[in-house]
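An overview of the molecular structure
Letter by letter, the chains look like this.
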Amino acid sequence: MSTVNPCLDLESRIPMPLVWRFASTALIAAFAMLLLTPLAVVELAASGVPPMWVGGFAFIAPLTMTVLLLMLARVTHAVGRVWPVRVAAASGALAALGFATTEPGALWALWMVLVGVQFAVHWASVDTVISENVPPGRAGATIGLYQTLLAAAVALGPVVASVSGWALADLAGASFALMLLSLALSFGGLRGPIDSRRPVERPPGLWRFIAAHPALLLVAFLAGLFEVGTTAMGSVQALGLGFSAGQAVLVASVIAIGSLVAQVPIGRIADRFGAVPMMRLSAAVLVVAALALWLAPLAPWLLWPLAVVWGAFGGGLQTLVYLHVAISQRGSGVVLGMATMALGFTLGTLVGPALGGVAVQASPRHGFALLLGTMALAVLMVVMRRRAFAVGPDGAAD
């Protein structure tokens with residue numbers, strides 16, 4: 001059974017209403033940025049910018065996140081968690097204002113850097129505070145709920161942008177207003193409770209922590225690679241199986257729905273049986289799903305239930321890594337664990353679509369199944385090692 005992060009005793013935990021208020025700053029910001037950035041990419045392409053540069057533009061935010069995540073643990077130790085979140089909200093607001101007031105071009109790269117700053121800081125700071133203060137016995141359910149709300153915010157942004165039919169300037173105005181709301185929620189007595197309870201010891205270097213916890217980084221990387229790889233290439237696989245264009249697009253939506261509905265149940269089950277056993281179960285299910293995908297050319301309907309499985313258990317890996325950090329680390333280990341998880345997942349999202357494209361290009365019928373099977377088997381091999389996630393009394397790996 002899971003235990004709860006021992007870095008804070010019951011008396012020193014932040015009340016959950018304040019934690020959820022702090023978390024709402026990230027949820028609102030995620031929706032605001034995803035309301036705007038997909039259309040910004042489209043507008044850049046429509047302006048005549050070469051496709052190679054458009055592709056590079058889309059990578060600016062995750063690359064910025066990767067760089068920032070390497071240093072955020074020490075930044076938040078020095079200045080607290082609330083001020084970086086305020087800077088992140090202001091960065092998002094400035095990015096929205098920039099997209100609204102400038103023409104597509106090189107300056108837009110700066111706005112995407114600011115988007116990356118917003119995502120990285122909110123991710124590392126908010127996830128750390130949630131991990132340190134989850135209620136005893138309900139850590140998995142709480143983290144699963146937050147992951148569900150975050151996934152919904154990310155998914156709804158592009159949907160609302162598409163359904164509304166608004167121009168980029170209008171979406172940028174809405175995004176700017178939402179970022180100001182996110183910024184406002186970080187004031188009003190939030191800084192004292194949040195920052196006064198952070199660990200006092202200076203965190204060691206992130207690379208030192210990763211060296212002691214390589215399995216954490218690897219599983220987070222594979223979770224990002226699996227989640228984004230299936231979403232990006234699932235529709236391509238559907239087209240190869242003879243699906244219509246509309247049906248192929250729907251596959252990505254089914255993956256997202258599977259992820260949304262599964263995170264709270266997965267968290268609740270992990271509360272009872274533990275995060276690592278659930279990682280093992282998830283990896284085993286994903287291996288079986290990859291084997292079943294080999295039969296899809298003979299039975300294309302299999303792609304629908306497999307899409308649900310990919311969303312539920314592929315998306316669940318990130319929730320389970322998050323939960324493992326929350327229940328196994330203490331003090332600065334929570335901060336570094338969250339940074340490690342975010343770094344691994346971000347790197348996985350960068351690599352996933354490219355690997356999926358190479359696999360399908362090499363073998364249109366079975367390349368995707370081979371890639372997913374290899375990824376799932378790699379996760380299973382890591383989490384089956386008895387000492388892969390062992391921690392000593394100080395939170396370091398045994």
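Residues numbered from 1 in each chain as written. Predicted model: local features only at pLDDT ≥ 70, side-chain atom pairs only at ≥ 80, totals over all residues. Heavy atoms only, no water.

Re the confidence of the model for the chain
Note the cut-off: The predictor rates its confidence in each residue with pLDDT, a number between 0 and 100. In what follows, residue pairs with any heavy atoms lying within 4.5 Å of each other are defined as contacts.
With 91% of its residues at a pLDDT of at least 70, the chain reaches an overall mean of 85. Per-residue pLDDT stays below 50 along residues 392-398; that stretch engages in 16 contacts with residues further than four places along the chain or on separate chains.

Concerning the packing of helix α12 (residues 275-293) against helix α13 (residues 303-328)
Threshold: To get an axis, fit a line to the C-alpha atoms, keeping to the stretch in contact for a helix; angles then go from 0 to 180 degrees between the N-to-C directions. Note on conventions: DSSP H or I runs of at least 4 residues are helices, E runs of at least 2 residues are strands, and numbering of each starts at the N terminus. Roughly parallel here means an angle under 35 degrees, roughly antiparallel means over 145, roughly perpendicular means 65 to 115, and every remaining angle is called oblique. Crossings are sorted by hand: turned counterclockwise from the far helix by less than a right angle, the near helix makes the crossing left-handed, and turned clockwise it makes it right-handed. Three categories are distinguished: nonpolar for Ala, Val, Leu, Ile, Met, Phe, Trp, Tyr, Cys and Pro, charged for Asp, Glu, Lys and Arg, and polar for the others, with Gly belonging to the last.
Orientation of α12 relative to α13, taken along the N-to-C sense of each, is 160°, at an axis distance of 9 Å. In terms of their interaxial angle, α12 and α13 are classed as roughly antiparallel. In the crossing of α12 with α13, the sense of the turn from one axis to the other is left-handed. Contacts from Ala275, Val276, Met278, Met279, Ser282, Val285, Leu286, Ala289, Ala292 and Leu293 of α12 reach α13 at Leu303, Leu306, Val309, Trp310, Phe313, Gly314, Leu317, Leu320, Val321, Leu323, His324 and Ile327. Taken together, the residues that form the contact of α12 with α13 break down as 19 nonpolar, 3 polar and no charged.

Here we look at the nonpolar core
Our working definition: To qualify as a nonpolar core, a set must consist of buried Ala, Val, Leu, Ile, Met, Phe, Trp, Tyr and Cys residues joined through side-chain atoms within 4.5 Å. Each residue's exposure class comes from its accessible area (1.4 Å probe, protein chains only) as a fraction of the maximum for that residue type: buried when under 20%, exposed when over 50%, partly exposed otherwise.
Core analysis: the largest hydrophobic core is formed by 127 residues, its most contacted members being Phe99, Ile130, Leu293 and Trp310. Once you skip the residues sitting within four places of it in the chain, Leu293 turns out to touch Leu303, Leu306, Trp310, Phe368, Ala369 and Leu372.

Some thoughts on empty space enclosed by the protein
Stated precisely, the cut-off is as follows: The definitions used throughout rest on a 1 Å grid laid over the protein atoms alone, on which a cavity is an enclosed set of points accommodating a 1.4 Å probe that cannot get out and a pocket is an open set flanked by protein within 12 Å on both sides along at least five of seven lines; lining residues are those having an atom within 4 Å of a point. Grid points are joined across faces, edges and corners, and a volume is the space filled by probe spheres set on the points.
All told, the structure shown has 3 cavities of 30 Å³ or more when counted by the stated rule. Taken as a whole, the second largest cavity holds about 60 Å³ of empty space. Taken together, Leu72, Ala73, Thr76, Arg81, Ala124, Ser125, Thr128, Val335 and Ala339 form the lining of the second largest cavity. Every element with two or more residues in the lining of the second largest cavity is listed here: α3 (72-79), α5 (108-133) and α14 (332-362). A per-class count over the lining of the second largest cavity returns 5 nonpolar, 3 polar and 1 charged.

A word on the environment of Ser47
Stated formally: Each polar contact in these results corresponds to two N or O atoms within 3.5 Å; when the atoms are within protein, one needs to be able to donate a hydrogen and the other to accept it, and residues that are neighboring in sequence are counted only if both atoms are side-chain atoms.
Turning to its location among the elements, Ser47 is positioned in the loop between α1 (16-46) and α2 (51-69). Residue classification places Ser47 among the partly exposed residues on the basis of a relative accessible area of 42%. As a C-alpha pair, Ser47 and Gly105 span 58 residues in sequence and 8.5 Å in three-dimensional space. Looking at Ser47, its side chain comes within polar contact range of the main-chain oxygen of Leu44, at 2.6 Å.

Considerations on the pattern of salt bridges
Note the threshold: Put simply, a salt bridge is a Lys or Arg side-chain nitrogen that is within 4 Å of an Asp or Glu carboxyl oxygen.
Tallied over the full model, the rule gives 1 salt bridge. Between Arg81 and Glu132 there is a salt bridge, with its nearest N and O atoms 3.0 Å apart. Within this pair, whereas Arg81 is found in the loop between α3 and α4 (82-101), its partner Glu132 is found in helix α5, the two being separated by 51 residues in sequence. Here Glu132 falls in the buried class, since its relative accessible area comes to 2%.

What to know about the layout of surface pockets
As a volume, the largest pocket reaches approximately 1900 Å³. Lining of the largest pocket is provided by 48 residues; of these, Leu34, Val154, Ala155, Glu227 and Val228 occupy positions nearest its centre. Those elements that provide at least two residues to the lining of the largest pocket are α1, α2, α5, α6 (139-164), α10 (214-240), α11 (245-273), α13 and α14. Among the elements that line the lining of the largest pocket, the one with the most residues is α11, at 9 residues. Split by residue class, the lining of the largest pocket holds 32 nonpolar, 14 polar and 2 charged.

Here's the deal with the side chain of His122
Tracing the backbone shows His122 in helix α5. At a separation of 3.0 Å, a polar atom in the side chain of His122 contacts the side chain of Gln118. Leave out the neighbours within four places in its chain, and His122 touches Thr25, Ala26, Ala29, Val85, Ala88, Ala89, Asp127 and Ser182.

Focus on the environment of Leu217
Mapped onto the elements, Leu217 comes out in helix α10. Sequence separation of Leu217 and Thr340 is 123 residues, and the distance between their C-alpha atoms is 5.8 Å. Once residues within four sequence positions are removed from consideration, Leu217 is found in contact with Ile210, Thr340, Leu343 and Gly344.

Notes on α11
Rules: Multiplying one less than the number of residues by 1.5 Å gives the expected span of a helix. Here the bend at each residue means the angle between axes fitted to two seven-residue stretches, the one ending at that residue and the one beginning there.
Relative to the 42 Å expected for 29 residues at 1.5 Å per residue, α11 spans 41 Å between its end C-alpha atoms, a close match to the ideal helical length. Of all the bends found along α11, the most pronounced is centred on Ala262 and spans about 40°, while Pro265, a proline, follows it within four residues.

Topic: the packing of aromatic side chains
Here is the rule: Here a pair means two rings of Phe, Tyr or Trp (six-membered ring of Trp) with centres within 6.5 Å. Their orientation is stacked below 30 degrees between planes, edge-to-face above 60, and tilted elsewhere. We count a charge as sitting over a ring when the NZ of a lysine or the CZ of an arginine lies within 6 Å of the ring centre and within 35 degrees of the ring normal.
As enumerated under the stated definition, the model contains 6 aromatic pairs in all. Measuring from centroid to centroid gives 6.4 Å for Phe57 and Trp108, while their planes differ by 40°, and the two rings are tilted. A residue pair is termed long-range when its members are at least 10 positions apart, and Phe57 in helix α2 and Trp108 in helix α5 qualify at 51 residues. Taking relative accessible area as the criterion, Phe57 reaches 4% and is therefore assigned buried. Ring plane angle 85° and centroid distance 5.0 Å describe the contact between Phe99 and Trp108, whose orientation is recorded as edge-to-face. Trp108 shares its class with Phe99; the two are buried. Three or more aromatic residues link up through ring pairs in this structure, and these residues are Phe57, Phe99 and Trp108. Stacked on the ring of Phe187, the Lys or Arg Arg86 has its end atom at 3.8 Å from the ring centre.

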